[in-house]
Each structure stands twice: as C-alpha cells, then as structure tokens.
Amino acid sequence: MKIITTCKQTKSEKVDNSEIKVGISACLLGHSVRYNGGHSRSRLCLEELSEHFSYRSFCPETAAGFGVPRPTLRLTGEISAPRLVFSNNQQQDVTEQLVNAINPVIGTLADLDGYILMKNSPSCGMERIKVYQDNGYPHTRRTQGLFTAALQKKHPNLPIEEEGRLNDARLKENFILRVFAHNHFRNQVDTQPTLGSLMNFHRDYKYVLMAHSQSEYKALGRLLAETKPHQNIDNLRDLYFQRFMQAISKPASRSNHCNVLLHILGYLKRSVDGEVRRDIADIIDRYRRGEVNLATPLTLIKHYVQRFGSHYVQTQRYLQPYPSVLGLSNQL
Ligand code: SF4
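These notes cover the structure that comes with them. (Residues numbered from 1 in each chain as written. Predicted model: local features only at pLDDT ≥ 70, side-chain atom pairs only at ≥ 80, totals over all residues. Heavy atoms only, no water.)

The next point concerns the packing of aromatic side chains. One pass over the full model with this rule turns up 16 aromatic pairs. Taking the centre distance of 5.1 Å and the plane angle of 85° together, the rings of Phe 185 and Phe 201 count as edge-to-face. Of this pair, Phe 185 sits in helix 5 (residues 169-190) while Phe 201 sits in helix 6 (residues 195-204), and the two are 16 residues apart along the sequence. There is no split in this pair, since Phe 185 and Phe 201 are both buried. (Phe/Tyr/Trp six-rings, centres within 6.5 Å; stacked < 30°, edge-to-face > 60°. Helix = DSSP H or I, 4+ residues; strand = E, 2+ residues; numbered from the N terminus. Buried < 20%, exposed > 50% of the residue type's maximum accessible area, 1.4 Å probe, protein only.)

It is worth spelling out the site of the ligand at this point. Around the ligand, a shell composed of 13 residues is seen, among which Ala 26, Cys 27, Cys 59, Glu 61 and Cys 124 lie nearest. Looking at the shell around the ligand, its residues break down into 8 nonpolar, 2 polar and 3 charged. (Near = heavy atom within 4 Å. Nonpolar A, V, L, I, M, F, W, Y, C, P; charged D, E, K, R; others polar.)

Moving on: the pairing of strand 2 (residues 21-25). Counting buried positions over the 5 residues of strand 2 gives 4, a clear majority of the element. Considered for its hand, the β-α-β crossover made up of strand 2, helix 1 (residues 43-48) and strand 3 (residues 54-58) is right-handed. The pairing of strand 2 with strand 7 (residues 114-117) spans 3 bridges and is parallel. The residue of strand 7 that forms the bridge with Val 22 is Gly 114. (Right-handed = clockwise from strand over helix to strand, strands pointing away. Pairing = 2+ DSSP bridges.)

Moving on to the nonpolar core. Counting residues in hydrophobic clusters, the biggest one holds 96 residues, and the most contacted among them are Phe 53, Tyr 115, Ile 116, Tyr 240, Phe 244 and Tyr 318. For this core, the leading source of residues is helix 5, giving 8 residues. Here this core gathers at least three residues from each of two domains, domain 1 (3-167) and domain 2 (169-332). In contact with Tyr 318, not counting residues within four places along its chain, are Asp 204, Tyr 207, Val 208, Ala 211, His 257, Val 260, Leu 261, Ile 264, Leu 294 and Leu 298. (Core = buried A, V, L, I, M, F, W, Y, C linked by side-chain atoms within 4.5 Å. Domains from an automatic or database assignment. Contact = heavy atoms within 4.5 Å.)

Such coordinate-based values are descriptive only and should not be taken to indicate function.
The structure is reproduced here in structure tokens:
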C-alpha cells in the first residue's frame, strides 16, 4: 500500500488559510500504475487545480498487490454485490484482496474535502462501470468501481467527480464549489460545533443555497430555527451537512443565478443611484438571455457591494465561493 502526497502552496486568495486536501487516482498525477504500465496524466489536475489543492494520491489496484503491468480487471456477478476478477482468469476472485487494501486507507481520509477519480475503472470509476454476467454480457444497469463505492459509503458527504467530467465548465464549477464549501463547513462548524456556528454558516451560504434550491434554503433555515438549545448538536450537524451538500450537488441554473443577483442588488437600493442599478439589472438580464457570461454581472455586483454593501452582504460566500483566479464564472 502506498499513498503519495503531493503538497503545493496555494499562491493567492486562500480561503480560511487552510490547506484543501483532495484525493486523486494516482494515474491521473502521472504515476505509472495502470494495468499496461502507463499513466493517465491530467493537465487540468496537475497544472491548474494543483495551485489550489494539496493532492493525496492512491492506486487501489497496486495497493492490493496486483502489480504493474497486470492483466485487466473487471466486475462480474450481481449488480448489487459485484466481484472483482482478472479478465483472463475469471475464476480468480480478487475482491477480498482489494477490499483488504482499501479499507484501512479509506478510514484515513476524513480530512479530505474532495476526490477526483479516473473513469472506466472497476476500482476507481464513479459511474457507468459494467458488471459482466455469467453469459459474458454486461448487465444493462451500470455501477461504481469498488474503491469509489467504499469511499462514498464511508464519507457520504465528500464531493467526488471524475476527471473527464471536469472538462465540462458547469460540472467543474460545481465540483470546486462543493470542495470549498466542504472545507468551509469543517473549518467553520466542526472546529466549534454549536448551533451558533451552524447558523453563521447558513447565513454565509444563504445565496449559494438559494442559487441551487430556494426551497432547501428555507427548509434548512427552519431546521435550525426549530432546534431547541438542549437538542443534540451532533445529530443536527450531521443532518444539516448531509442536506446542505445534497442541495448544492448539481450546478445552479441560469435563472436561479439571476434571482440571486437581483436579490443582492436589492441591498444596494439606498446606496447606489437608481440609474446605475437599472444598468446592472440590464446586465443581469443579458446574462439571463445568454449574451454574457456570469462573470459580467457578478463582477459588477461585487464592485458595488465591496464599496457600498453591508457586512452581511459583503461576507456572502456566493460572491467569493472559491478563489476568483480560477476564472470559473467566465465559463458559465
Ligand atoms: S484507475 Fe485507479 S486502480 Fe486504475 S491505475 Fe488509476 S489509480 Fe490505479
């Protein structure tokens, strides 16, 4: 078993001064651990995201001692409990060998804020992995790799994504948003787990939540408001965190972004001239019609909020959910 950690200092705009640790399939970092002795080096992970993440890489199959190179592996049997076998010797069930190697590692990953996975692997794949039947054909339903399934079972709130899907701007933005939100929650709430910390977190993430689901924003607010001081904070924390991460698990829609931007514009009613606010509202409408990207109205709003907004609106995570140097809103 080998865990290779690659640490890089974040250059700018580090949020909360904490290191954001992200797990990653080792072949994506260029380690020659694939079945054929090669790797799947990811430029995106190594040259862009590494400025913001400290990676912890792991290869389940080499950790299990299958060697490099090795015959390809596949999943067989029942879709609900697939077994791992070598493609050239399906009688040799190596599921336990893999499970015995990954379980101790998965237990050490509680400090991660995300995981980037290699696609199409019976160990690391996040979805669409074939499970072969006795007749040699795969089931129509697909599943996850065995490592990923175990990772999600142990850390259900951990943001995970396949590297290939990060080429989609909306999926990439959503994954990075979730990673930073996960980190903020651990730093803001878990270091001091009180009802007050949860309420402060909910206040800071108001517009992020509204951009994803207005109804879930309200429901989570009610959950906190109805909590009595003597109630068990651990249960509340677990329920809130699970529902919060679920609420932001899909990209926010263009119309929801527009609603949030108009809400925030409303905070500038007293301090910014009506004509300027109408111009900003026009830009928001242009974004709604797809004529400009999200960065255009967002940058304008941020400019005025920084100059004239209250502390409440200035500290909204929606305006700075992750370092702006990532340029993610330019692509939305
Ligand atoms: S996909 Fe996973 S198991 Fe396969 S080589 Fe990469 S890290 Fe190893």
